[in-house]
Amino acid sequence: MRADKVILRTILTTFLSVVVLFGTMLLMLYLFFPGTLMGITYDLGMEESSMNNARRAYNRTDDVYYIATAFETATEVEDVERIEEYGQLLIKDNEFADYCELRNGKIDKNEISITYEQYVYGQVVMSQYSQGKKGLAIDTAFHCLEGELVKNDPMAILYLTAIQVKDVETITAIEKLITENNLAESQHWKELSALKNNQ
């Protein structure tokens, strides 16, 4: 009988030790290595935790990679509020332009149809628009233009979306902005206007 108790006590002690050790390890990761925990939780399919850990890692290190990862995870799960939040942080980061160049450099020039910058801005613009923040979406899209309309720019995506859903308010606001900034004569805008007229 005593032998059974000793064996049972040993098993319980070992089990509790493993639980405490595992808990301590998780706590250490959470407190000191959020970037590592970001990857672990993402691999386990815990996107919410992964985004939170990526944001914490970004706050701690100011490394653009972490906020970009949080943003991309938000786009995967279609969390429009986080797409806007993380996307805005990514755009405002001092290393954003360099990070865009790095990401664009990993894509075959013959295969690239949209730059990483356009992708980020486009996601932010459409997340704002889907939340009813039409004016903010237009402002964000205009900021990406940098004085010219180019293929696949967020303004074009927003304009075509507004045409599709017959959002006259947004269509009118974009057209006014384009005219006021002397962009109405660009070939790309003429093509977009032609699509509108064919609707």
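So, how was this worked out
Residues numbered from 1 in each chain as written. Predicted model: local features only at pLDDT ≥ 70, side-chain atom pairs only at ≥ 80, totals over all residues. Heavy atoms only, no water. Helix = DSSP H or I, 4+ residues; strand = E, 2+ residues; numbered from the N terminus. Buried < 20%, exposed > 50% of the residue type's maximum accessible area, 1.4 Å probe, protein only. Contact = heavy atoms within 4.5 Å. Lys, Arg positive; Asp, Glu negative; His and termini not counted. Charge placed at Lys NZ, Arg CZ, Asp CG, Glu CD. Expected span 1.5 Å × (residues − 1). Arc of directions from axis to C-beta. Phe/Tyr/Trp six-rings, centres within 6.5 Å; stacked < 30°, edge-to-face > 60°. Core = buried A, V, L, I, M, F, W, Y, C linked by side-chain atoms within 4.5 Å. Polar contact = N/O pair within 3.5 Å; in protein donor to acceptor, adjacent residues only side chain to side chain. Patch = residues over 30% accessible without salt bridge, like charges linked within 9 Å, V, L, I, M, F, W, Y side chains within 5 Å. Areas by Shrake-Rupley, 256 points an atom, 1.4 Å probe, with all protein chains shown as cover. Salt bridge = Lys/Arg side-chain N within 4 Å of Asp/Glu carboxyl O.

Draft legend 1. Quick look at the overall build of the protein. Assigned secondary structure in the protein consists of 11 helices and 0 strands. Taken from N to C terminus, the helices and strands of the protein fall in the order α-α-α-α-α-α-α-α-α-α-α. C-alpha atoms of the protein, sized along the principal axes, occupy 90 × 35 × 30 Å. Buried positions account for 36% of the 199 residues belonging to the protein. Partitioning the intrachain contacts of the protein with sequence separation of at least 6 by distance along the chain shows that 57% fall at a separation of at least 24. Of note, the protein has its 18 positive side-chain charges centred 9 Å away from the centre of its 30 negative side-chain charges.

Draft legend 2. View of helix 3 (residues 47-61). For helix 3, built from 15 residues, the straight-helix expectation of 21 Å at 1.5 Å per residue is met to within 8% by its first-to-last C-alpha distance of 21 Å. Here helix 3 has its buried residues at Ser50, Met51, Asn53, Ala54, Ala57 and Tyr58. All buried residues of helix 3 project into a common sector of 165 degrees when viewed along the axis, lining one side.

Draft legend 3. Summary view of unusual backbone geometry. Unusually for a residue other than glycine, Lys166 sits at a positive phi of about 60 degrees. Phi is positive for Asn182, close to 55 degrees, though the residue is something other than glycine. Its location among the elements puts Asn182 in the loop between helix 10 (168-180) and helix 11 (187-197).

Draft legend 4. How the structure looks around the packing of aromatic side chains. Taken as a whole and judged by the stated rule, the model has 6 aromatic pairs. Ring centres of Tyr65 and Tyr66 lie 5.4 Å apart, and the angle between their planes is 65 degrees; this geometry places the pair in the edge-to-face category. Residue class for Tyr66 comes out buried when judged on its relative accessible area of 18%. When the centroid spacing of 6.0 Å and the interplanar angle of 40 degrees are considered together, the rings of Tyr116 and Tyr119 count as tilted.

Draft legend 5. Representation of the environment of Gln187 in the model. Position of Gln187 relative to the elements: it lies in helix 11. Judged by relative accessible area, which is 53%, Gln187 ranks as exposed. Residues Gln187 and Tyr159, spaced 28 residues apart in sequence, show a C-alpha to C-alpha distance of 15 Å.

Draft legend 6. Structural view of the nonpolar core. Ile67, Phe71, Tyr86, Leu90, Phe96, Tyr116 and Val120 are the most contacted members of the largest nonpolar core, which has 24 residues in total. With 7 residues, helix 4 (residues 64-76) is the largest single contributor of residues to this core. Apart from the residues within four sequence positions on either side, Phe71 is in contact with Ile83, Tyr86, Gly87, Leu90, Tyr116, Tyr119, Val120, Gln123 and Val124. Membership of the second largest hydrophobic core comes to 20 residues, among which are Leu149, Leu158, Ile171 and Ile174.

Draft legend 7. Examining helix 4 more closely. Its 13 residues place the ends of helix 4 18 Å apart at the C-alpha level, agreeing with the 18 Å of an ideal helix rising 1.5 Å per residue. Counted residue by residue, helix 4 has 11 buried out of 13 residues, so it is predominantly covered. Taken together, the buried positions of helix 4 are Val64, Tyr66, Ile67, Ala68, Thr69, Ala70, Phe71, Glu72, Thr73, Ala74 and Thr75. The inward-facing, buried residues of helix 4 contact helix 2 (34-43), helix 3, helix 5 (80-92), helix 6 (96-105) and helix 7 (116-130). The N-terminus of helix 4 is capped by Asp63, whose side-chain oxygen sits 3.0 Å from the backbone nitrogen of Tyr65. Just downstream of helix 4 lies Glu78, where phi reads positive at about 55 degrees.

Draft legend 8. Representation of a negative patch on the surface within the structure. On the surface, Asp62, Asp63, Glu95, Asp98 and Glu101 cluster together to form a negatively charged patch. Within the element layout of this structure, Glu95 appears in the loop between helix 5 and helix 6. For Glu95, a relative accessible area of 38% translates into the label partly exposed.

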